Amino acid sequence: MITNYIDTKVNEITQNGTLLDLYEIADINDIIVYEDDLGENTPGAYHYEYRIKIIMINSTLSYYHKMIVLAHEIAHAFLHPYEEANFTTIGCVKNVKENEANYFACKLLDVIGFWKNEELCIYEHEMSKSDIGFIGIYKNYMKI
């Protein structure tokens, strides 16, 4: 895995931790973020068409789940910009590109303070089991 490159790129796109809004990070880097109901089985996707980077996020997800999916799809926009990517699952994936995107997303979420957000605890009762599972898996990536 290209961890040194990812760490450097995350610092670059967050302007060394001063840019903390994922939507703003996408906008500054000419990535269009579109939210809509993508159905029950599609949290998000990244597409590259006509030299335009597009991230689609499922509008039915909780705020926390959207942030995880958005960070993951931003990762694809930087690491694998010319390839389609559909967010289906995370964890112990054998696909190198998905693991790179997971690591990138985890680091990005760390730099923007997502994991330290007290609201994760305050609003834990609003999170689904799926949301809590995603957060747990991503925290494991911090150990890489």
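All values derive from a computational prediction rather than experimental measurement.

### Side note on unusual backbone geometry
Part 1 of the reasoning: Even without glycine at this site, Asn16 takes up a positive phi of about 55 degrees.
Part 2 of the reasoning: Of note, Asn16 is situated in the loop between α1 (3-13) and α2 (22-28).
Part 3 of the reasoning: With phi around 55 degrees, Asp30 is a residue other than glycine that occupies positive phi space.
Part 4 of the reasoning: By secondary structure assignment, the location of Asp30 is in the loop between α2 and β1 (31-36).

### A few points about the nonpolar core
Part 1 of the reasoning: Leu22, Ile74, Phe104, Leu108, Leu109 and Phe114 are the most contacted members of the largest nonpolar core, which totals 33 residues.
Part 2 of the reasoning: At the level of elements, α1, α2, β3 (52-58), α3 (63-79) and α4 (96-111) are the ones that each hand at least two residues to this core.
Part 3 of the reasoning: Looking at which element gives the most residues to this core, the answer is α3, with 11 residues.

### Examining the packing of aromatic side chains
Part 1 of the reasoning: As enumerated under the stated definition, the model contains 2 aromatic pairs in all.
Part 2 of the reasoning: Note on Tyr63 and Tyr64: the rings are 5.3 Å apart at their centroids and 80 degrees apart in plane angle, and the pair reads as edge-to-face.
Part 3 of the reasoning: Between Phe78 and Phe104, the aromatic rings sit 6.2 Å apart at their centres with planes inclined by 15 degrees, giving stacked as the arrangement. Here Phe78 is found in helix α3, whereas its partner Phe104 is found in helix α4, with 26 residues between them in sequence.

### A look at a negative patch on the surface
Part 1 of the reasoning: Taken together, the side chains of Asp21, Glu24, Asp27 and Asp30 define an acidic patch exposed on the protein surface.
Part 2 of the reasoning: Locating Glu24 in the fold gives a position in helix α2.
Part 3 of the reasoning: Judged by its relative accessible area of 39%, Glu24 falls in the partly exposed class.

What counts, and where the lines are drawn
- Residues numbered from 1 in each chain as written.
- Predicted model: local features only at pLDDT ≥ 70, side-chain atom pairs only at ≥ 80, totals over all residues.
- Heavy atoms only, no water.
- Helix = DSSP H or I, 4+ residues; strand = E, 2+ residues; numbered from the N terminus.
- Core = buried A, V, L, I, M, F, W, Y, C linked by side-chain atoms within 4.5 Å.
- Buried < 20%, exposed > 50% of the residue type's maximum accessible area, 1.4 Å probe, protein only.
- Phe/Tyr/Trp six-rings, centres within 6.5 Å; stacked < 30°, edge-to-face > 60°.
- Patch = residues over 30% accessible without salt bridge, like charges linked within 9 Å, V, L, I, M, F, W, Y side chains within 5 Å.
- Areas by Shrake-Rupley, 256 points an atom, 1.4 Å probe, with all protein chains shown as cover.
- Salt bridge = Lys/Arg side-chain N within 4 Å of Asp/Glu carboxyl O.
- Lys, Arg positive; Asp, Glu negative; His and termini not counted.
- Charge placed at Lys NZ, Arg CZ, Asp CG, Glu CD.

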